[in-house]
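Listed here are the chains, written in short residue letters.
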Amino acid sequence: MATFSVRFLGCKVSHSDAHAVREALLRDGHEERSGGEIAVVNTCCVTNEAVRKSRQAARRAARAHRRVYVTGCAANLERAFDGLPENVTVVSRRAEQTAAFVAGDVGAIGCVQADARLDRVRAFVRVQDGCSFSCRFCVIPLVRGASRSRSADAVLREVGKRVEQGHREVVLTGINLGCFRDRERGYDLARLVREAGATPGLERLRLSSIEVNHVNDELVRALRDTPAVSRHLHVPLQSGDDRVLTAMGRRYTAATYLRRLEPLTDFNVTADVIVGFPVEDEQAFEQTRRMLRAAGVSKVHVFPYSPRPGTATAAQDPVPASVKKRRSARLRADSHEACLRRWRSKVGGKDEVLVDRPGRGYGDDYSPWLVDESAPIGELVSVRAVDVADEGIVGAV
Ligand code: SF4
């Protein structure tokens, strides 16, 4: 038996990659322990900064562990980990093959049926991987390949298993979730949502992120009709300016974004935005700020643009770093204001909060709540909103 630890950088898909490796190692009888012999670092390459942090994490792990496996998106980016010590293995493989490869390399020992439940609050269940869109700035299709889906049966089985293990919330996860299809069995994402949401014992179901092109009537109906579905949707915007959207190779206009989200005004919409894309001038940036307000977006994940190798815009980066920094700070401040407005509107009302850390949790629409430190982790608690703090809504039982 070996001892191991797993960490990940980046998004929910990276979390789910890391989870698959942990499960494979636990299934083979290895023991999870911080500072163990083996470290797995599941990496991210969405920006230069993400690659830098991934390299740093791998280097640190190499100093503290006997063997290190570098997995995930950045591991598939050519030469991203050149020059690391010899005890580092870079696993440049498709996500579906990575967990088995690492487990095989570590060496299956015994047949301990470990309880592979790693986060007892929420589980990320992958339904799809890869992307066949071609956003001009994006390296993800190069490192994760074309879109492909798991079978609906496999997804629904995994949702059931997670609920049996005690997870209260399941997040359906994918690189481009709306591309999910099980043609043989006649499933699209809307049908999958309805059936996953009907899993006995499941308290909450969320989608990790969905392209606005995929927010169609059928999906909206499924989200509305399924009681377990959380009133939250993360819909990347990237820019609110049509000229920038076209230059990015995005498949929608600002007007489409607004129109598709119209039937979901009661949902908490969060978004990703890239600032400092090559053709983004001040006017375009201000248009993005207006769009975010018009769409009622609360939390914005801001990504300062950085050219990624192998992409159509790899050689373009004309917006100075200082401008990106200023625009990023402006958007983050707007986002904080929008969150505070949403949270304040809840004061006096009630919600069910899923406690996921001491004194913290998330309400039905994925707004963050501050609750009593003694609130049991992994449980839903009924709370009343009494105030708003910088980090979330203050709840009292
Ligand atoms: S939809 Fe665009 S941004 Fe998202 S993973 Fe695919 S190519 Fe990248």
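Heads up: the structure comes first, above all this text.
First things first, this report covers the structure right here in the doc. (Residues numbered from 1 in each chain as written. Predicted model: local features only at pLDDT ≥ 70, side-chain atom pairs only at ≥ 80, totals over all residues. Heavy atoms only, no water.)

### Quick look at the site of the ligand
So, point 1. Neighbouring residues of the ligand: Cys131, Phe133, Cys135, Phe137, Cys138, Ile140, Pro141, Ile175, Asn176, Glu211 and Arg250.
So, point 2. Tallied by class, residues from the shell around the ligand come to eight nonpolar, one polar and two charged. (Near = heavy atom within 4 Å. Nonpolar A, V, L, I, M, F, W, Y, C, P; charged D, E, K, R; others polar.)

### Some points on the pairing of strand β19 (residues 380-389)
So, point 1. Across five bridges, strand β16 (residues 350-357) lies against β19 in antiparallel orientation. Across the sheet, Val353 pairs through a bridge with Val381, a residue of β19.
So, point 2. Sheet analysis places β19 next to strand β20 (residues 392-396), joined by five bridges and oriented antiparallel. Bridging across to β20, Arg384 finds its partner in Ala396.
So, point 3. Hairpin connection of β19 to β20: two residues between the antiparallel strands. (Pairing = 2+ DSSP bridges. Helix = DSSP H or I, 4+ residues; strand = E, 2+ residues; numbered from the N terminus.)

### Notes on the packing of aromatic side chains
So, point 1. In total, this model carries four aromatic pairs according to the counting rule given.
So, point 2. Pairing Tyr252 with Tyr257 gives two aromatic rings, centres 6.2 Å apart and planes at 40°, and the pair type is tilted.
So, point 3. Accessibility expressed as a relative area gives 6% for Tyr252, which makes it buried.
So, point 4. Where Phe277 meets Tyr305, the ring centres are 5.3 Å apart and the plane angle is 80°; that geometry is what we call edge-to-face. Highlighted residues: Phe277 in the loop between β14 (268-275) and α10 (282-294) and Tyr305 in the loop between β15 (297-304) and α11 (321-344), separated in sequence by 28 residues. With respect to class, Phe277 is no different from Tyr305; both count as buried.
So, point 5. Against the face of Tyr187 rests Arg191, its NZ or CZ located 3.7 Å from the ring centre. (Phe/Tyr/Trp six-rings, centres within 6.5 Å; stacked < 30°, edge-to-face > 60°. Buried < 20%, exposed > 50% of the residue type's maximum accessible area, 1.4 Å probe, protein only. Lys NZ or Arg CZ within 6 Å of the ring centre and 35° of its normal.)

### Topic: the nonpolar core
Generally speaking, soluble globular proteins have nonpolar side chains that are buried together.
So, point 1. Membership of the largest hydrophobic core comes to 50 residues, with the highest contact counts inside it found for Leu172, Leu192, Val193, Leu207, Leu233 and Tyr257.
So, point 2. With residues up to four places along the chain from it excluded, the contact list for Leu207 reads Val171, Leu172, Leu177, Leu189, Val193, Leu223 and Leu233. (Core = buried A, V, L, I, M, F, W, Y, C linked by side-chain atoms within 4.5 Å. Contact = heavy atoms within 4.5 Å.)

### Quick word on the pattern of salt bridges
So, point 1. Considering all chains together, one arrives at 36 salt bridges under this definition.
So, point 2. A salt bridge links Arg67 to Asp105, with the shortest nitrogen-to-oxygen separation between them at 3.4 Å. Linking Arg67 in strand β4 (residues 67-72) with Asp105 in helix α3 (residues 95-106), this pair joins segments that are 38 residues apart in sequence.
So, point 3. Since its relative accessible area comes to 26%, Arg67 is described here as partly exposed.
So, point 4. Accessibility expressed as a relative area gives 36% for Asp105, which makes it partly exposed.
So, point 5. Put simply, Asp225 and Arg194 hold a salt bridge, and the shortest N to O gap is 3.2 Å. Highlighted residues: Asp225 in helix α7 (residues 217-225) and Arg194 in helix α6 (residues 189-197), separated in sequence by 31 residues.
So, point 6. Relative accessible area serves as the criterion here: at 46%, Asp225 is assigned to the partly exposed category.
So, point 7. In this structure, a network of salt bridges that share partners links the residues Arg122, Glu169, Arg206, Asp356 and Arg357. (Salt bridge = Lys/Arg side-chain N within 4 Å of Asp/Glu carboxyl O.)

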